[in-house]
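Overview (structure and organization)
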Amino acid sequence: MPKAAGAREFDRLEAMDVRPDWILPEGPAAGSLRDRVLARRGLTGDRDRQLFAGPTPPLSLLREPASLPGADAVAAALDAWLKDGLSIAVYGDYDADGICAAAIVARVLRLFGGNPRTFVPHRVDEGYGLHADALRELHAQGVRAVVTVDCGISSFAEAEVAEQLGLRLAITDHHRPTFDDAGVARTPRAEAVAHPSLGGCPFEAISGSVVALKVAKRLIRLRVGERPPALILQWVADVGVPLAAMGLVPDVMPLLDENRVLVANALRRLPSCPLPGVQALLRAARSNGEALDARTLSHAIGPRLNALGRIDDATGALRLLETDDPAEARTIARRIEATNEERKTRQDELIALAEARARELGLDAPDRVSVVMADASWHPGLLGLAAGRLVDRLHRPVVLFGGEGQHMKASGRAPLGIDLHDCMKACGEHLVKFGGHAAAAGGSIEPAKVAAFAEAFERAVRQRIEGGARASALQIDASMPAWAAMDALPEIQSMQPYGKDFREPLIHCGELRVRSARTMGGGEHLKVQAQEAGSLRTVSLLMWRQGRRAGEFRTGRLLEVVGTPRSNPQWGDDFEVTDFRFVD
């Protein structure tokens, strides 16, 4: 039985020694569940009301692309390169966001007669970012202009190499830049730089693919005017918007503001997207008739786009989104599917090994606030996935190092409330390089410095959290009878899409009496039938990875739960439990 996609974000049941606090809403319940959820989360402004008025906010609510700092400058550079007939390379990244961003820019350049090359670095052999050797190779192949997507904002030395080679360079990125003493973002020497953190951007939490879409829209307006023909507008809606959403959701951007607009509209348009590669991905991701929602993007399409880059070379995944040949798309999709299955097997093995080692070393102890481990045999492409799972289970930041050679690759994840990038920056003296976000970061290190980094990282994390707290409190949106929660399922579904910073409503239900309990999935999971006090209705409680505790759910025992009603075509409607407490 597959794990529910929503289980990971709130999977508090894997480490029962760490119990989060429950923060219940204060005061009497008032208004619809939608109103209560939005009020609880502070989404009560005029723009919020527009964004959450229905399941698909109009594309007119997207921020103007010109509001992205540098978008006009990069678009002007691309326009000039096309007019000058330069050989252009689109330099991307090996993850889903970088792949989708590269596909957007490459396709819009081809829309206007360009014939760009596309390039993504090899995760293991080269690592993330703009590389001097790659620029030299592209120059040797005749490339005379390079536009980066989803990378480049910290590539100061590489930008100098581009200048020495005579390469014209434009940078588009969304990763955190470095800042000078005055708090001004530093940028590499380039013809143009587009980045949401350069000042004045009304909503900065966008992905590399969204940055790419904004630049593409500004190029379209430069080329065809402020009122583009219908076919061009259709290209933006049917190609640009779906590709941008396929990048931003796997990159764990908040599903608020214009990100919500993009994802909601993409989910409507994906089934009719004209790209054969997108259709091949959808067929694989929904092989059992699963619903198409944001979880499809994050847990089915994203991992498939990432699979080649994690195990081998991401070039094939980018080609999947570039090709217009259905036969080629099917061939690439089959290769991706096989690689993704291999990735899952190797990932599960690494997670089991890493968790066992963390517990063996005592890194899960109550007096510890971080986990740092290294092993040359660990595949660099799987480190982030393993780190994320350990964060779920140990509720503290995790950094894993792996790979052989002069420098080991690093990948880290952190729970909500701890800025991983800031913590790694505090330990920067021990790293060769690093970059990323508050929740996810990576880099490289000399093997001899791992121990020193681990000590420094533990200190940095401890300084940034008070009391060594590990479990994030559960912010509960509403408290109601279980039957009312299940009846609210249509309203909950109407508030999609859900994701980072706009999770599904978390509902508290009390005074449930166990009627029966049975394990599922070979004994791994647990389904409990419970009855509310004073009611004849029963509710089905679904508890992931709690099969080992089936014996505790004796008939008649009382409990209260926190979770979310969920509908699944395979096994019906359940209340998916995030946390529970016995009250007898």
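Please refer to the structure placed before this passage.
Each value, and the rule that gives it
Residues numbered from 1 in each chain as written. Predicted model: local features only at pLDDT ≥ 70, side-chain atom pairs only at ≥ 80, totals over all residues. Heavy atoms only, no water. Helix = DSSP H or I, 4+ residues; strand = E, 2+ residues; numbered from the N terminus. Rg over C-alpha atoms; globule rule 2.2 N^0.38 Å. Buried < 20%, exposed > 50% of the residue type's maximum accessible area, 1.4 Å probe, protein only. Areas by Shrake-Rupley, 256 points an atom, 1.4 Å probe, with all protein chains shown as cover. Lys, Arg positive; Asp, Glu negative; His and termini not counted. Charge placed at Lys NZ, Arg CZ, Asp CG, Glu CD. Pairing = 2+ DSSP bridges. Axes fitted to C-alpha atoms, helices over the stretch in contact; angles between N-to-C directions. Contact = heavy atoms within 4.5 Å. Parallel < 35°, antiparallel > 145°, perpendicular 65-115°, else oblique. Left-handed = near helix turned anticlockwise from the far one by under 90°. Phe/Tyr/Trp six-rings, centres within 6.5 Å; stacked < 30°, edge-to-face > 60°. Lys NZ or Arg CZ within 6 Å of the ring centre and 35° of its normal. Expected span 1.5 Å × (residues − 1). Nonpolar A, V, L, I, M, F, W, Y, C, P; charged D, E, K, R; others polar. Salt bridge = Lys/Arg side-chain N within 4 Å of Asp/Glu carboxyl O.

This part takes up the overall build of the chain. Counting its secondary structure elements, the chain contains 18 helices and 18 strands. Computed over the C-alpha atoms, the radius of gyration of the chain is 24 Å, within 12% of the 25 Å expected from 2.2 N^0.38 for a compact globule of 584 residues. Along the first, second and third principal axes, the C-alpha atoms of the chain reach 80 × 60 × 50 Å. Every one of the 584 residues in the chain was classed for burial, and the buried ones make up 57%. Only carbon and sulfur atoms are counted for the fraction: they give 49% of the accessible area of the chain, which is about 23400 Å². Counting 72 positive and 76 negative side-chain charges, the chain places the averaged centre of each group 3 Å from the other.

Looking now at the sheet that holds strand 3 (residues 117-119). Overall, parallel pairing links the 5 strands, which are arranged 3-2-4-5-6 in an open sheet. Either end of the sheet is taken by a strand with one partner, and the two such strands are strand 3 and strand 6 (192-194). Neighbour-to-neighbour, the strand axes of the sheet open up by a mean angle of 15 degrees, direction not taken into account. Strand direction decides the pairing type here: strand 4 (residues 145-148) and strand 5 (residues 168-172), joined by 4 bridges, are parallel. Considered in strand 5, the bridge of Val147 is made with Ala170. Sheet strands touched by helix 3 (residues 71-83): strand 2 (88-91), strand 4, strand 5 and strand 6. Its angle to strand 5, the strand with the most contacts, is close to 145 degrees. Contacts between helix 4 (residues 96-111) and the sheet are confined to strand 2, strand 3 and strand 4, with strand 2 contributing the most and set at about 160 degrees to the helix.

Next up on the list: the packing of helix 13 (residues 326-360) against helix 14 (residues 383-394). One way to put it is that helix 13 packs onto helix 14 with a least axis distance of 9 Å and a crossing angle of 50 degrees. It follows that helix 13 is oblique to helix 14 by the angle criterion. Crossing of helix 13 over helix 14 shows right-handed handedness. Between helix 13 and helix 14, the residues in contact are Arg343, Gln347, Leu350, Ile351, Ala354, Glu355, Ala358 and Arg359 and Leu383, Leu385, Ala386, Arg389, Leu390, Arg393 and Leu394, respectively.

Turning next to the packing of aromatic side chains. All told, the structure shown has 8 aromatic pairs when counted by the stated rule. Ring geometry for Phe453 against Phe457: centres 5.5 Å apart, planes inclined by 20 degrees, an arrangement best described as stacked. With Phe453 and Phe457 both in helix 16 (residues 450-464), this residue pair falls 4 residues apart, about one helical turn. You can call Phe453 buried: its relative accessible area is 0%. Cluster of aromatic residues (ring-pair linked, three or more members): Phe52, Tyr498 and Phe502. Above the face of the Phe156 ring, Arg186 is positioned so that its terminal group lies 4.3 Å from the ring centre.

Below, the discussion takes up helix 9 (residues 257-269). Helix length check: helix 9, at 13 residues, gives a terminal C-alpha distance of 19 Å against a target of 18 Å (1.5 Å per residue), a fit within 8%. Most of helix 9 sits out of view: 11 of its 13 residues are buried. Turning to helix 9, its buried residues are Asp257, Glu258, Asn259, Arg260, Val261, Leu262, Val263, Ala264, Asn265, Ala266 and Leu267. Packing partners of the buried residues in helix 9 comprise helix 2 (46-51), helix 7 (208-224), helix 8 (230-248) and helix 11 (294-311).

Let's shift gears to the sheet that holds strand 8 (residues 398-402). In sheet architecture, strand pairing relies on hydrogen bonds along the backbone and comes in two forms, parallel and antiparallel. In space, the 5 strands of this open sheet follow the order 7-8-9-11-10, with mixed pairing throughout. The sheet is open, and its two borders are formed by strand 7 (371-375) and strand 10 (433-436), each paired with just one other strand. Adjacent strand axes in the sheet meet at a mean angle of 15 degrees when their direction is disregarded. As defined by bridge partners, strand 7 adjoins strand 8 across 5 bridges and the pair is classed as parallel. Residue pairing for strand 8: Met373 is matched across the bridge by Leu400.

Here the focus is the packing of helix 4 against helix 7. Two measures define how a pair of helices packs: the angle their axes make with one another and the distance between the axes. Direction vectors running N to C along helix 4 and helix 7 enclose 10 degrees, while the axes themselves pass 8 Å from each other. In terms of orientation, helix 4 and helix 7 fall into the roughly parallel class. Every residue of helix 7 that contacts helix 4 at Asp97, Cys100, Ala101, Ile104, Val105, Val108 and Leu109 is listed here: Gly208, Ser209, Ala212, Leu213, Ala216, Leu219 and Ile220. Tallied by class, residues from the contact of helix 4 with helix 7 come to 11 nonpolar, 2 polar and 1 charged.

Scanning the model with the defined rule gives 39 salt bridges in all. As a salt-bridge pair, Arg189 and Glu163 come within 2.9 Å of each other at their nearest N and O atoms. Of this pair, Arg189 sits in the loop between strand 5 and strand 6 while Glu163 sits in helix 6 (residues 156-165), placing them 26 residues apart in sequence. Residue Glu163 is classed as partly exposed on the basis of its relative accessible area of 44%. Through salt bridges with shared partners, a single network forms among Asp293, Arg295, Glu504, Arg566 and Glu576.

So, on to the pairing of strand 18 (residues 572-582). Sheet topology note: the strand 16 (residues 538-543)/strand 18 ladder contains 2 bridges and is parallel. When the bridges of strand 18 are listed, Leu541 appears paired with Phe575. Direction of pairing for strand 17 (residues 558-568) relative to strand 18: antiparallel, over a ladder of 10 bridges. Paired with Ser567 across the strands is Asp573, a residue of strand 18. With antiparallel pairing between neighbouring strands as the criterion, strand 17 and strand 18 make up a hairpin whose turn holds 3 residues.

Moving on: unusual backbone geometry. A cis geometry characterises the amide bond from Gln496 onward to Pro497, with omega recorded as 5 degrees. Tracing the chain through its elements places Pro497 in the loop between helix 18 (489-494) and strand 14 (507-520). If you check the backbone angles, Asp501 has positive phi at about 65 degrees while not being a glycine. As for its position among the elements, Asp501 is in the loop between helix 18 and strand 14. Phi at Glu511 takes a positive value of approximately 55 degrees, unusual for a residue other than glycine. Tracing the sequence through the fold places Glu511 in strand 14. Assessed through its relative accessible area of 42%, Glu511 is described here as partly exposed.

Across the 10 residues of helix 10 (residues 276-285), 8 count as buried, placing the element largely inside the fold. Regarding helix 10, the residues found buried are Pro276, Gly277, Val278, Gln279, Ala280, Leu281, Leu282 and Ala285.

Mapped onto the elements, Arg389 comes out in helix 14. Sequence separation of Arg389 and Met246 is 143 residues, and the distance between their C-alpha atoms is 22 Å.

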